[in-house]
Amino acid sequence: MSKCTCEYCPTIIVPGIGQSKVDLYSSDNKRIKSAWPMDIDTKPLVKRILPSAILLLLTKSDKAFCKALKKAISEAVTPLRVNKEGVSTENLHIVDYEGKSLKNCSADDKRYIYKMVPMEELAEVIGEDHLYFFAYNSFGQPYETARRLNDYIQNVKKETGHDKVNLIPVSLGGSIATAYFDAYGEQGDVNRVCYFVPATNGSTLIADIFSKNLDLSNPTSLLNMFLDSKTIESLEKLLKRFHKDTAENIVCALVDALLETFLLNCPGMWAVIPREKYQEYRDKYLIGEEYNVLREKTDRFFNAQNNLRELLTKIEKQGTEFFSICGYGLSLLPFAGTKNLNSDTIVDFKSASLGGYSAGPDKKLPDDYESVYDRCQNKEHNHISPDKTVDLGTAIFPDSTFCFKYQVHDDTAYNDVALSLCKEIITNKDFKDVYSDPRFPQFNGSRDIFRIKYRLLPRVDELLKKDLPKEIKDDLLKSKEEAENLFKNTIIKDRIEADEITKRFDEAVRKAEEV
């Protein structure tokens, strides 16, 4: 294709763990079902464990039941099974949209992609023909995925006629970006990187699962990470029937099944073990000659992760610009045994901010704490948060890292300000750092506008077509205006404003629907 003359580089989204679909195929390449997200048939699973469940109720001994459950879950998650060399044992096919831009995707595929990463506003600026979604196996091999990403980038450059691309690594996509830059960064194919809640130094949440450092008093958040809703519902009904200790033993058996079937042998999951914990876990789990190949793969990623500051600094000097958008101020999900870590509930603040420092969630830095000036040498800059709980002076890119307080990891996709910031970074070449635009301060609040944008506003437009009483219609118009004004305000004090607007909006819609 001839060289494109538009001002926007094509942008490739490298999604998170739950955002790429992988299908299980038979040996003769016929689709069987979804491997990820999991699609477990609960009926045969329940049938397998029913005899031991009855025995458990009669004898109050959970040993036989836990053994049966572990075996049943292991069989149920077989599509994700990984051998001791870190290779999938099943015939898996990534749903990769044939490498098409969003413009050329089917309506259903486009709807799914926007549901995973709501980048519609970005697409409006750069065009859907310049927006791509790089799908991959979350439980695969980072360097194999990096090779595929490199091939993908070359195809996108050829298809669009551009010399460079932009990358938006989301969550687990941050670890894929690490492998890519380690293997292919010196090629100079990337214009800008906008990390979006990235796991650049893994997640202590995954480390706690590996080490079984778990708080099982409320296992729902743990089950939600890996299992489908039908299986979770069945397991929760079961757990409610037993004493707390028995229920916890049951969950431990389930975790063992996940660990032994695919997690412990999966290079992609080892890539989200924080580098500070890697050596300890390597020496515990990857021992013996049978793990030589897997150790070689995990060591390679660890070395890149451990030297990420030097790696990205080198690539930055070649012309690639780096930005990061992250959350802070929250503890990890309830099942995590680690309770004192600043995070967005999934990814550690240190990981998502590429090296930021924190004393803990909502814990202030010491009174005698002095700002760190490492990469940023300008002493007039202050990279300590207004609430004095985090310091970005220790980060790799202190001048281009943006933080949203109390931002829940999965809800970042519905923080309209974070999405607008991402759009600005990708589309505005004059946007260089946290000082470029007062609409986007380095430290901001968080909000969730999902219900307003995707439920209430479309419903209001439908209702306003009806013959409604003036008072009802005025309330709808007022609620719509209030929501639109909310979107214009990019400085977020807290979540209360959006929550209250959503509540009033809900009430206005409810009254209109009752007419």
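Everything that follows concerns the structure shown earlier in this document.
Residues numbered from 1 in each chain as written. Predicted model: local features only at pLDDT ≥ 70, side-chain atom pairs only at ≥ 80, totals over all residues. Heavy atoms only, no water.

### A word on the overall build of the protein chain
Looking only at helices and strands, the protein chain features 19 helices and twelve strands. Its C-alpha atoms give the protein chain principal-axis dimensions of roughly 65 × 65 × 60 Å. Each of the 515 residues in the protein chain was classed as buried or not, and the buried ones make up 55%. When contacts within the protein chain are restricted to residue pairs at least 6 apart in sequence, long-range pairs at least 24 apart make up 74% of them. About 23,400 Å² of surface is accessible on the protein chain, with carbon and sulfur atoms providing 49% of the total. For the protein chain, the separation between the mean place of its 72 positive charges and that of its 80 negative charges on side chains is 4 Å. (Helix = DSSP H or I, 4+ residues; strand = E, 2+ residues; numbered from the N terminus. Buried < 20%, exposed > 50% of the residue type's maximum accessible area, 1.4 Å probe, protein only. Contact = heavy atoms within 4.5 Å. Areas by Shrake-Rupley, 256 points an atom, 1.4 Å probe, with all protein chains shown as cover. Lys, Arg positive; Asp, Glu negative; His and termini not counted. Charge placed at Lys NZ, Arg CZ, Asp CG, Glu CD.)

### Describing the pairing of strand β2 (residues 22-25)
Pairing analysis gives four bridges linking β2 to strand β3 (residues 31-36), with the strands arranged antiparallel. Within the sheet, the bridge partner assigned to V22 lies in β3 and is W36. Hairpin geometry of β2 and β3 is characterised by an intervening segment of five residues between the two adjacent antiparallel strands and by a positive phi of about 60° at N29. Pairing geometry for β2 and strand β4 (residues 91-94), over four bridges, is antiparallel. Across the sheet, residue L24 finds its bridge partner in β4, namely L92. (Pairing = 2+ DSSP bridges.)

### Some points on the sheet that holds strand β1 (residues 11-14)
Either a parallel or an antiparallel arrangement is found when strands of a sheet pair, and the pairing is made through backbone hydrogen bonds. Pairing is parallel in the open sheet, where seven strands are placed in the order β5-β1-β6-β7-β8-β11-β12. Either end of the sheet is taken by a strand with one partner, and the two such strands are β5 (131-133) and β12 (443-444). Relative to strand β6 (residues 165-169), β1 runs parallel, the two being bridged by four bridges. In the sheet register, T11 faces β6, and the bridge partner there is N166. Taken strand by strand, helix α6 (residues 173-184) contacts β1, β6, β7 (190-196) and β8 (321-328), and its axis lies near 150° from that of β7. (Axes fitted to C-alpha atoms, helices over the stretch in contact; angles between N-to-C directions.)

### Focus: the layout of surface pockets
Looking at the largest pocket, its volume works out to about 1,200 Å³. Lining the largest pocket we find 42 residues, and of these I17, G18, Q19, N224 and D410 sit closest to its centre. Those elements that place two or more of their residues in the lining of the largest pocket are α3 (107-116), α8 (220-226) and α9 (229-239). Considering every element that reaches the lining of the largest pocket, the biggest residue donor is α8, with four residues. Along the lines of polarity and charge, the residues of the lining of the largest pocket split into 27 nonpolar, ten polar and five charged. (1 Å grid on protein atoms, 1.4 Å probe; cavity = no way out; pocket = protein on both sides within 12 Å on 5 of 7 lines; lining within 4 Å. Points joined across faces, edges and corners; volume = space filled by probe spheres on them. Nonpolar A, V, L, I, M, F, W, Y, C, P; charged D, E, K, R; others polar.)

### A look at the sheet that holds β2
The strand order across the open sheet formed by three strands is β3-β2-β4, and the pairing between neighbours is antiparallel. Strands at the two margins of the open sheet, each flanked by one partner only, are β3 and β4. Put simply, the sheet's adjacent strands are angled 35° from each other on average, direction ignored.

### Considering the side chain of S101
By secondary structure assignment, the location of S101 is in the loop between β4 and α3. Beyond its immediate stretch of four places on either side in the chain, S101 contacts E128, D129, L131, Y132 and E159.

### Description of the pattern of salt bridges
As enumerated under the stated definition, the model contains 31 salt bridges in all. As a salt-bridge pair, R282 and D299 come within 2.8 Å of each other at their nearest N and O atoms. A residue pair is termed long-range when its members are at least 10 positions apart, and R282 in helix α12 (residues 275-285) and D299 in helix α13 (residues 292-306) qualify at 17 residues. By relative accessible area, R282 is classed as buried at 18%. Among the ionic pairs, E316 bridges to R375, the shortest N-O distance being 2.5 Å. Of the two residues, E316 sits in helix α14 (residues 308-317) while R375 sits in the loop between β9 (357-358) and β10 (390-391), which places them 59 residues apart along the sequence. (Salt bridge = Lys/Arg side-chain N within 4 Å of Asp/Glu carboxyl O.)

### Digging into a nonpolar patch on the surface
Residues L50, I54 and L58 make up a contiguous nonpolar surface patch of about 310 Å² in total accessible area. Looking at where L50 falls in the secondary structure, it is placed in helix α1 (residues 42-59). A relative accessible area of 45% places L50 in the partly exposed class. (Patch = residues over 30% accessible without salt bridge, like charges linked within 9 Å, V, L, I, M, F, W, Y side chains within 5 Å.)

### Details of the packing of aromatic side chains
The description of an aromatic ring pair uses the distance of the two centres, along with the angle that the planes make with each other. The tally for this structure, following the rule as stated, stands at 26 aromatic pairs. Ring geometry for Y328 versus F443: centroids 6.1 Å apart, planes at 75°, classification edge-to-face. Here the residue Y328 occupies a position in strand β8, and F443 occupies one in strand β12, the gap between them amounting to 115 residues. The exposure class of F443 is buried, given its relative accessible area of 14%. Here the aromatic residues Y180, F181, Y184, Y195, F322 and F397 are joined through ring pairs into a cluster of three or more. (Phe/Tyr/Trp six-rings, centres within 6.5 Å; stacked < 30°, edge-to-face > 60°.)

### Observations regarding empty space enclosed by the protein
Enumeration according to the criterion identifies two cavities of 30 Å³ or more in this entry. As a volume, the largest cavity reaches approximately 60 Å³. Taken together, P118, M119, E120, E121, L122, D416, L419 and K453 make up the lining of the largest cavity. Counting only elements with at least two residues in the lining of the largest cavity, the list comes to α4 (120-126) and α16 (416-427). Ranked by the residues each element gives to the lining of the largest cavity, the list is headed by α4, at three residues. Residue composition of the lining of the largest cavity, by class: four nonpolar, no polar and four charged. By volume, the second largest cavity is sized at about 40 Å³. If you trace the second largest cavity, you find it lined by K33, S34, A35, M38, D39, I40, A76, V77, P79 and L80. If you tally residues by element for the lining of the second largest cavity, the top one is β3, at three residues. Across the lining of the second largest cavity, the residue classes break down as seven nonpolar, one polar and two charged.

### Focus: the nonpolar core
In terms of nonpolar packing, the biggest core is built from 111 residues, with I12, F181, I209, F210, F262 and L263 touching the most fellow members. Here the element with the most residues in this core is helix α10 (residues 244-263); it accounts for eleven residues. Those residues in contact with F210 that lie beyond four places of it in its chain are L259, L263, L264, M269, W270, I273, Y281 and Y285. Listed in part, the 37 residues of the second largest apolar core include V197, F402, F404 and I492. (Core = buried A, V, L, I, M, F, W, Y, C linked by side-chain atoms within 4.5 Å.)

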